[in-house]
Amino acid sequence: MQEKYLPSEIEHAAQARWTASQAYRASEASDRPKYYCLSMFPYPSGKLHMGHVRNYTIGDVLARYHALRGFNVMQPMGWDAFGLPAENAAIANNVPPAAWTYANIDHMRTQLQALGLAIDWSRELATCKPDYYRWEQWLFTRLFEKGVIYKKMATVNWDPVDQTVLANEQVIEGRGWRSGALVEKRDIPMYFFRITQYADELLSGLDTLPGWPERVKTMQSNWIGKSVGVRFAFPYQHDGKDEQLWVFTTRADTIMGVTFCAVAAEHPLAARAAESNSALAAFIAECKQGSVAEADMATMEKKGMDTGLTVTHPLTGEAIPVWIGNYVLMSYGDGAVMAVPAHDERDFGFAQKYGLPIKQVIDHVAIVDARKALATGKNGDQPLTSEDIEKLKNFLSTNKYSTDRWHDGYDTKLGICINSGKYDSLDYTAAVDAIAADLAALNLGEKKTQFRLRDWGISRQRYWGCPIPIIHCDACGDVPVPAEQLPVVLPEDVVPDGSGNPLNKRADFVNCACPKCGAPARRETDTMDTFVESSWYYARYACPDFDGGMLDARANKWLPVDQYIGGIEHAILHLLYARFFHKLMRDEGLVSSNEPFVNLLTQGMVIADTYYREDASGKKTWFNPADVELRDGVATCKTDGAPVIVGGTEKMSKSKNNGVDPQALIDLYGADTARLFTMFAAPPEQSLEWSDAGVEGAHRFLRRLWKAGYEHLQAGAVAAYTGGELSEATKTLRRQLHQTIQKVSDDIERRKQFNTAIAAVMELMNALAKLEGDDATTRSVRQEVLEAAAALLAPMVPHVAEALYAELRPGAVMIWPPVDATALVQDEIELMLQVNGKLRGQIRVAVSADKASIEAAALASESVQKYLEGQPPKKVVVVPGRLVNIVV
RNA sequence: GCCGGGAUGGCGGAAUCGGUAGACGCAGCGGAUUCAAAAUCCGCCGCUGGUAACAGUGUGGGGGUUCGAGUCCCCCUCCCGGCACCA
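So, here's what we can say about the structure. (Residues numbered from 1 in each chain as written. Chains lettered and ligands numbered in written order. Predicted model: local features only at pLDDT ≥ 70, side-chain atom pairs only at ≥ 80, totals over all residues. Heavy atoms only, no water.)

1. Thoughts on the sheet that holds strand β25 (residues 511-513)
So, step 1. Across the sheet, which stays open at both edges, the 4 strands sit in the order β24-β23-β26-β25 with antiparallel pairing between neighbours. Of all the strands in the sheet, just β24 (477-480) and β25 have a single pairing partner and so form its edges. Adjacent strand axes in the sheet meet at a mean angle of 45° when their direction is disregarded.
So, step 2. Relative to β24, strand β23 (residues 470-473) is paired through 4 bridges, and the arrangement is antiparallel. Opposite Ile-471, over in β24, you have Val-479 as the bridge partner.
So, step 3. Strands in contact with helix α5 (residues 130-146) are β23 and β24; relative to β24, the strand with the most contacts, it is inclined by about 130°. (Pairing = 2+ DSSP bridges. Helix = DSSP H or I, 4+ residues; strand = E, 2+ residues; numbered from the N terminus. Axes fitted to C-alpha atoms, helices over the stretch in contact; angles between N-to-C directions. Contact = heavy atoms within 4.5 Å.)

2. Things to note about the packing of helix α20 (residues 671-681) against helix α21 (residues 695-713)
So, step 1. Their axes nearest at 9 Å, the elements α20 and α21 cross at an angle of 120°. The orientation of α20 with respect to α21, classified from their angle, is oblique. The handedness of the crossing between α20 and α21 is right-handed. In this structure, α20 contributes Asp-672, Thr-673, Leu-676 and Phe-677 to the contact, and α21 contributes Val-695, Ala-698, His-699, Phe-701 and Leu-702.
So, step 2. Of the residues belonging to the contact of α20 with α21, the class tally is 6 nonpolar, 2 polar and 1 charged. (Parallel < 35°, antiparallel > 145°, perpendicular 65-115°, else oblique. Left-handed = near helix turned anticlockwise from the far one by under 90°. Nonpolar A, V, L, I, M, F, W, Y, C, P; charged D, E, K, R; others polar.)

3. Digging into the packing of aromatic side chains
So, step 1. By the definition in use, this model includes 36 aromatic pairs.
So, step 2. Both rings, one in Trp-456 and one in Tyr-577, keep their centres 3.7 Å apart while their planes meet at 5°; by these two values the pair is stacked. Placement of Trp-456 in strand β21 (residues 456-457) and of Tyr-577 in helix α18 (residues 573-587) is noted, with a sequence separation of 121 residues between them.
So, step 3. The class for Trp-456 is buried, based on a relative accessible area of 2%.
So, step 4. Looking at Tyr-577, the relative accessible area reads 12%, which means it is buried.
So, step 5. Following the ring pairs from residue to residue traces out a cluster consisting of Phe-193, Tyr-198, Trp-456, Phe-531, Tyr-577, Phe-580 and Phe-581.
So, step 6. Directly above the ring of Tyr-150 sits Arg-194, whose terminal nitrogen or CZ lies 4.1 Å from the centroid. (Phe/Tyr/Trp six-rings, centres within 6.5 Å; stacked < 30°, edge-to-face > 60°. Buried < 20%, exposed > 50% of the residue type's maximum accessible area, 1.4 Å probe, protein only. Lys NZ or Arg CZ within 6 Å of the ring centre and 35° of its normal.)

Structure below.
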């Protein structure tokens, strides 16, 4: 055995051995229980970053642990290879996105392999390859024919200078990121997945996922946003014809408080009013500026303009003015809302700003009761005293509805109706029921379940994506590409220039024959949202080589995924789309399960400081932390020495250029150190603030581990302890060993918290270092501890653990150490003594001691006597195995 | 703005079911070893007062429940993630 710990030697040897023996090849033939362990596949951005290291090490720990526990493990890897960064790189460096992407994949594969992950590389896939996206196109055509995919208009960000559609990320403060031009909204036709048809199932399916974090399920549930409300109409006359303005509300109980309606700028009513009003037309044009992102819509200043038109309140017959509101979304519901300023904070602000009336129609139960009591002079049957009257008057005057300022609770659903005619004194449910019934009787509305979730628009006006398999024929319309003509192959020799989709300029791609009538036709040049590829890759890993269809029988052998690991930032979109796709594939008969991922671990983000410079136009250039020098709180760029601005600590990302390259870490200390540090620095679910400090410590521990093994083996390996008389020291160490085995198993398997598992093994090694003696029994215990420590650490640091284990037990197959229950037995335990909840001492008692004898021992102890001062205790709380609290 | 999280020593974090706050590691300080340094080993290490024993105080801020609160409840501040075209 080498005296020195030489990570690079150990790691190269181990990796060569694993490759040669195909150690991580997953087999469908095995009769052991399967464990499909999947980490979210990476976008091949160029280099591995710490987020990847963290993600894949977490997955690897779980995969290796289960393999040691006897499972038939599959852990695959692939590439989420389509996407915007490849086009940006193409524009910047004049290289085709395809070439850039493939080069990145090759580099990152090498980096991943250097991490020593237990991956079955024979299942590797890349979504930009025709043998992958072919089946995505095939499913698209199936769903198109079934009506699950349809076409409609949708609003996008339009850069009028670059003449291109912008991603939300590319809109910075309302301007295009490259041109700086004010961004406009533009309506274009797009294909949509009818995900709303599955909304109910996506919602109820969450209840079948106990292995998912509660917060993710809550977020998805809120995103789907099922709400029961009323859809109803305000009738009006136009050119002598009866027409209706439809709205949806979850607060039909406030309908008597409607003082105006607001419609989106794109609403037909708005367009009609603008025909004869140039100011209105100008306002509509202004509303069409800016990005389509909801966050922008929700934070911008709420503006509106009166259309001069009115509609009729369906229940009161009152004339209700119609306004255009820049915050009303055409794509949501009917593009119009009823406004009840008294009970909706947004409407309240709008009404205040434009001097519109505010009519209170809901009040708290307590206030209504107080008013009633004052009016009748009685509280229930009890006559009011003058003191009661005073109190009630006081209560009412301090809780008076104010139109000056919005107060929390004005939008409560727990109030009851007032100023609402026949609906007065009804509570929320009763009022909604009565109002819905009355509207239905008028044929002007009904109860409706509405979802916040919108259909999924997947058309992207970009080159580097999966071509949408549709052919446009003047005679036949939109025709799906027949299965035998698939895949529609994306040409890989294209270099985009930032002005629209270059596929439009490729006659060889665009021109084709209509599959139905044979006439000359045009191929669709939009590509699919890259979320589509990542919605089914987990299934394709089961059969990546199958060329007879999307999936074969192996899919049901492996699915559902037993453990899915990925960033919390994917809590809603990716995970919802993947769940949706699983149901689509199920309904196509491709998979038999209802949900794709049984257990989900949402890893926290790896965050790092950001640094940037801003030019005159406000455009920011981001600097990598590796290129920035911090001295006395001033940050400068290492290459030019000039200062850079310190931004916030944010998720490591391409756009902020704050990713830390783990390669340097691996080169210097080895993969095991990188893995150990990432697992030790924070629990998986928390965000991990990157810092170079601490890596040393992880490396030192591995050196100490190696040295402990080396020193023990100087006198030769022995058989691990199996029985016989033990000293106090060896007995204590064995108890700690078996407690550690229990803890590490529980930490990995149930708690999925690896930092504490590592800490426990560190403590064990610290204790081992203090064990003295070289007699046969002591050496056998030392052997037992070292063997176990190597196995317990193997999921985290597989290379060094295997190497050490091989020295300790040459030729043996590593197993997860079993717990020896007899080693855990303890005769005496220490109990804490508290007086009035404050720690005042401790006592040792027999494990078998009953409450009464513990209490007696506690009261007798000197540390308690001091505080009793001769008085009898008021109360004694005995918590078995923990403490005694004496109240005086 | 809306939805979901988070905040514990100088730093990363631990405390699993309401029961010893600060495990483990980093940094720091002291010592051993060394010609010297690195590495290694040993010890100390929340804050305040005290030579010490010890006492007080302490988990973002304010209030509450409890024999007992980092943990539960209410309110607030700040930070992070998502918001449908970054992935």
